[in-house]
Amino acid sequence: MTRLTPTSPPSDRHPVSGAAGPPGAERASATPHDMRHPYAETPAKRPLRVLSLGAGVQSTTLLRMTIAGELEPADHAIFADTGWEPPAVYRHLEQLKKECENAGLPLHIVSKGNIRNDALDPDQRFASMPLHLLKANGDNAISRRQCTSEYKIAPLLAKQRELAGLKPRQRCNEHRITTIIGISFDELQRMKPPAFPWIVNEYPLVDRRITRHDCLTWNDQHGYERPPRSSCIGCPFHSNAEWRAIRDDPEAWADAVDFDHKLRTGRLAHLLAPSKAYLHPERRPLDEVDIRSEEERGQLNMFDMECEGMCGI
Ligand code: SF4
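Residues numbered from 1 in each chain as written. Predicted model: local features only at pLDDT ≥ 70, side-chain atom pairs only at ≥ 80, totals over all residues.

Asks: Explain the overall build of the chain here, please?
Replies: From N to C terminus, the chain includes 9 helices and 9 strands. The burial tally for the chain puts 34% of its 313 residues in the buried class. Taking all contacts inside the chain whose residues are at least 6 apart in sequence as the whole, residues at least 24 apart take part in 70%. (Helix = DSSP H or I, 4+ residues; strand = E, 2+ residues; numbered from the N terminus. Buried ≥ 20, exposed ≤ 12 C-beta atoms within 10 Å, placed from the backbone. Contact = placed C-beta atoms within 7 Å.)

If you want it as structure tokens, here you go:
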């Protein structure tokens, strides 16, 4: 089992050999239990298993496999809400709430605030997003990324501290929380050791060599709608395909275009000056960038399937 502790040596970070075959083919030696209380209230004081839910493809599949008994059970699930997910993600989250409720799995939704509104609010500190900058001398740059740690990691960690029975900044060397993380086999390089000794990170999808594509197949085979991609509406990391998905929702697209314009007016323009900031890497206003697919441009698409970024390998 892939478990990363704060002191895991690098050789422990890619323990993929001997992992299982297709998704769901092997059932974990799960130990069902009904202890879903915070750590301090559990009679055995065993580490709590906390599933980090992003509500995207991988973590949704992880959650559903856990509920289906194909993976070791979780005691809690936590979703950190940036307040700026696309409507499809919030609709999907409502569905997941029902699935957790039916399974008796507490789902906690935590939030630092609305990342979009906070960025535009002069009274809030700006948690920098990875914006595409055009510097005064014409060079390109990307602004520092603080948004993930402030809007995703910090609220998740605060809730885990609470469940672990720890006060803010209280030190603890005892393993109290196992964080179950939905990183798939095709992106195993994203695995990281935890920041604190009381947390151990676990990666069940990596252990079973389950890729993102396998996750989609698992959802299809089990009669679920495919989960949407989860990320902020105006995330500067979006590919053109992701921008097209945003564009397909007129409200979300208008929201992203508006935010992109506001990067170069008012508060944010002042903060980022003399550079100019953009959401798209072409460093042009979002509504002026050509984000059409090759098919939309009238070019032939020879691969009528989802691209996994592995063509030619
Ligand atoms: S999805 Fe993008 S904008 Fe939102 S928190 Fe993550 S990196 Fe930042």
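Still more ground to cover, so stick around.
Asks: Sorry, what's going on with the site of the ligand here?
Replies: Taken together, T82, M129, P130, R145, C147, T148, Y151, K152, S231, C232, C235 and F237 make up all the residues around the ligand. Of the residues that constitute the shell around the ligand, the class distribution is 7 nonpolar, 3 polar and 2 charged. (Near = placed C-beta within 6 Å. Nonpolar A, V, L, I, M, F, W, Y, C, P; charged D, E, K, R; others polar.)

Asks: Help me understand the confidence of the model for the chain in this model?
Replies: Should the pLDDT be low somewhere, the predicted coordinates at that spot are not to be read in detail. For the chain, per-residue confidence averages 86 on the pLDDT scale, and residues scoring 70 or more make up 83% of the total. The lowest-confidence element of the chain is strand β1 (residues 3-4), averaging 78 in pLDDT; the highest-confidence one is strand β4 (residues 107-110), averaging 98. Low pLDDT, under 50, characterises residues 10-35; the stretch is placed with 37 contacts to residues that sit more than four places away or in other chains. For the stretch residues 301-313, pLDDT sits under 50, and the model shows 4 contacts to residues farther than four places along the chain or on other chains. (pLDDT = per-residue confidence, 0-100.)

Asks: So what exactly am I meant to see when it comes to the pairing of strand β3 (residues 76-80) here?
Replies: Most of β3 is tucked away, with 5 of its 5 residues classed as buried. A two-sided burial pattern is seen for β3, the buried positions comprising H76, I78 and A80 on one face and A77 and F79 on the other. Where the polypeptide runs from strand β2 (residues 48-53) across helix α1 (residues 57-67) and back to β3, its parallel neighbour, the crossover connection is right-handed. When β3 meets β4, the two strands line up parallel, connected through 4 bridges. Residue F79 lies in a different strand from β4, and its bridge partner there is I109. In this fold, β3 hands off to helix α2 (residues 87-103), which returns the chain to β4; that crossover is right-handed. (Right-handed = clockwise from strand over helix to strand, strands pointing away. Pairing = 2+ DSSP bridges.)

Asks: Before we go on, may I ask you to explain the sheet that holds strand β9 (residues 276-278) in this structure?
Replies: With antiparallel pairing, 3 strands are arranged side by side in an open sheet as β6-β5-β9. Each of the sheet's edge strands pairs with one partner strand only, and the pair in question is β6 (140-142) and β9. The mean inter-strand angle of the sheet, taken between neighbouring strand axes irrespective of direction, is 30°. Alignment of strand β5 (residues 132-134) against β6, held across 3 bridges, turns out to be antiparallel. Each residue of the ladder has a partner; that of L133, found in β6, is A141. (Axes fitted to C-alpha atoms, helices over the stretch in contact; angles between N-to-C directions.)

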